[in-house]
Structures are given as structure tokens and as C-alpha cells.
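Fold and contact review
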Amino acid sequence: MSEFRRMARRMAWLLMGVWVGAAPSVQAADSVPFAANLTNIPADLAVMQAERIPMLLFVHASYCGYCQMVDEEFIRPLEKDPAYRGKLLIRRIEIDGATDLIDRQGQRESPTRFANRLGVRLVPVVMFFDPAGRSVGEALRGVTVPDFYPFYLQQGIDLAETCSRQPDPARCTPKKPADQRSL
């Protein structure tokens, strides 16, 4: 076999390896919805990293009236607003739900265990994560003043978007060490 053929064959295998290696991330980006239940952290992280967008995570419980109010009045309108598509992923997790999720290491994890790992002690909680899966800014815990909730929610989204494009630990890292968690 000539030297040219050997080099051409190596180049073809190399290109095929690059193409095959890239295929899962392209497929993941196409198959991950804008708003959904949190079920597969690695797939969501792949999209977040490829698109450089953050995640808004809504942690709630089926028995929580305040959670239902936050969902109906604030989270669902974000999902319906086309201005947010392509800017972030919206995920929700019901802490008393029966459906496990796939954690960062590819292992099954219950919603309760996941929420405990994130330090969630009461619901509703809205948290923001950068494309690396690190928490950004302060979580919105409970509903203290519903009239100001949209302002705080938008403030969190804006910070998460900024931190996804230009990470600045001084600005993006939560102030409380207990809130410095990751997906």
C-alpha cells in the first residue's frame, strides 16, 4: 500500500472519529426540550455547555400551595414566552415525585436525595446554574413578597445569563458557602 493511501486512510478514520465523537452532543442538543422535568443532568449539561446557556431549576412539592402559585404565576409564563427560548433551560423537580433522575455521574438519584444534596429544606426554591453546573447567585427561597417575585426572578435569570457568557467568581458565586453547590 502506498504512503499516500495509508495517510488518506488514517485521515478518514480520524475524521470519522471526530464526527462520531461529536454526534452525541449534537443529538443531545436537538433532543433536549427548553422546559421539562429534570430527568437527565448529563444531557442538560451538554446542551448548556454547547449553547453557553444557564439553567433555571424550580424545586417544588405536590402538596405545596405556594409552589403551585409560583409555578402558575411565574414559571409557566416564562415557558410560554418566546423571549426565553435559547437563553436558558427551565427544569423542575418535584421533591416528593416518584421518578428518579440521572445524576452527573450517570447514576439514578431520587428527587428527595437530589434536593437534599442541593441543600433544599423548604419549597418552593428557584435556583440558577451555569453551563458547568455550578450554582449562580442566590436562590429564591419561599415566597415572601409576591409583588416583587418577578423582579427577583428576572434578576436571577439576568445574572445567570451573564455568568454563562462571562464567568466572574466574585459576581457569580453565591455569598453563602452552603449555597455554593452544583448539579
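To start, this report covers the structure provided alongside it. (Residues numbered from 1 in each chain as written. Predicted model: local features only at pLDDT ≥ 70, side-chain atom pairs only at ≥ 80, totals over all residues. Heavy atoms only, no water.)

1. Considering the side chain of Glu 79
Note the threshold: A helix here means a DSSP run of H or I that spans at least four residues, while a strand means a run of E at least two residues long, and both kinds are numbered starting from the N terminus. Burial here depends on accessible area, computed with a 1.4 Å probe over protein chains only, as a share of the maximum for the residue type. Under 20% is buried, over 50% is exposed, and the range in between is partly exposed. Identification of polar contacts relies on pairs of N or O atoms within 3.5 Å, with a donor-acceptor requirement for protein atoms, meaning one able to donate a hydrogen and the other able to accept it, and with residues adjacent in sequence counted only if both atoms are side-chain atoms. The contact definition used throughout considers only heavy atoms, calling two residues in contact when any of these lie within 4.5 Å.
Tracing the chain through its elements places Glu 79 in helix α3 (residues 65-80). Owing to a relative accessible area of 14%, Glu 79 belongs among the buried residues under this scheme. Only 2.5 Å separates the side chain of Glu 79 from the side chain of Arg 92, close enough to count as a polar contact. For Glu 79, the contacting residues outside a window of four places in its chain are Phe 34, Ala 35, Arg 85, Ile 90 and Arg 92.

2. Overview of the sheet that holds strand β2 (residues 55-60)
What counts, and what does not: At least two bridges found by DSSP between two strands is the condition for calling them paired. Lines are fitted to the C-alpha atoms to define the axes, a helix being fitted only along its stretch in contact, and any angle between axes, read from their N-to-C directions, falls within 0 to 180 degrees.
Strand order in the open sheet made by the 5 strands is β1-β3-β2-β6-β7, with mixed pairing throughout. Pairing within the sheet leaves two strands with one partner each, and these edge strands are β1 (35-37) and β7 (140-141). Its contacts with the sheet place helix α2 (residues 41-51) against β2, β3 (89-94) and β6 (125-129), and it is angled at close to 160 degrees to β3.

3. Describing the state of the cysteines
Which entries qualify depends on this criterion: Counting rule for disulfides: a pair of cysteine sulfur atoms within 2.5 Å.
Throughout the structure, instances matching the rule amount to 2 disulfides. Across a sulfur-sulfur distance of 2.4 Å, Cys 64 and Cys 67 are joined as a disulfide pair. Handedness here is read from the sign of the S-S torsion; for Cys 64 and Cys 67, about 85 degrees, the answer is right-handed. Assigned by exposure class, Cys 64 and Cys 67 land together as buried. Here Cys 163 connects covalently by a disulfide to Cys 172, the sulfurs 1.9 Å from one another. Around the S-S axis, the bridge from Cys 163 to Cys 172 shows a dihedral of about -95 degrees and counts as left-handed.

4. So, the nonpolar core
Note the threshold: Among the buried residues, those of types Ala, Val, Leu, Ile, Met, Phe, Trp, Tyr and Cys that are joined through side-chain atoms within 4.5 Å form a nonpolar core.
The biggest cluster of nonpolar side chains holds 50 residues, and the ones touching the most others in it are Leu 56, Leu 57, Val 59, Phe 114, Val 126 and Leu 153. Secondary-structure elements contributing two or more residues to this core are α2, β2, α3, β3, α4 (111-117), β6 and α5 (149-165). Here the element with the most residues in this core is α5; it accounts for 6 residues. Look past the residues within four positions of Phe 114 in its chain and what remains in contact with it is Leu 38, Ile 41, Leu 57, Ile 93, Leu 101, Glu 109 and Leu 183.

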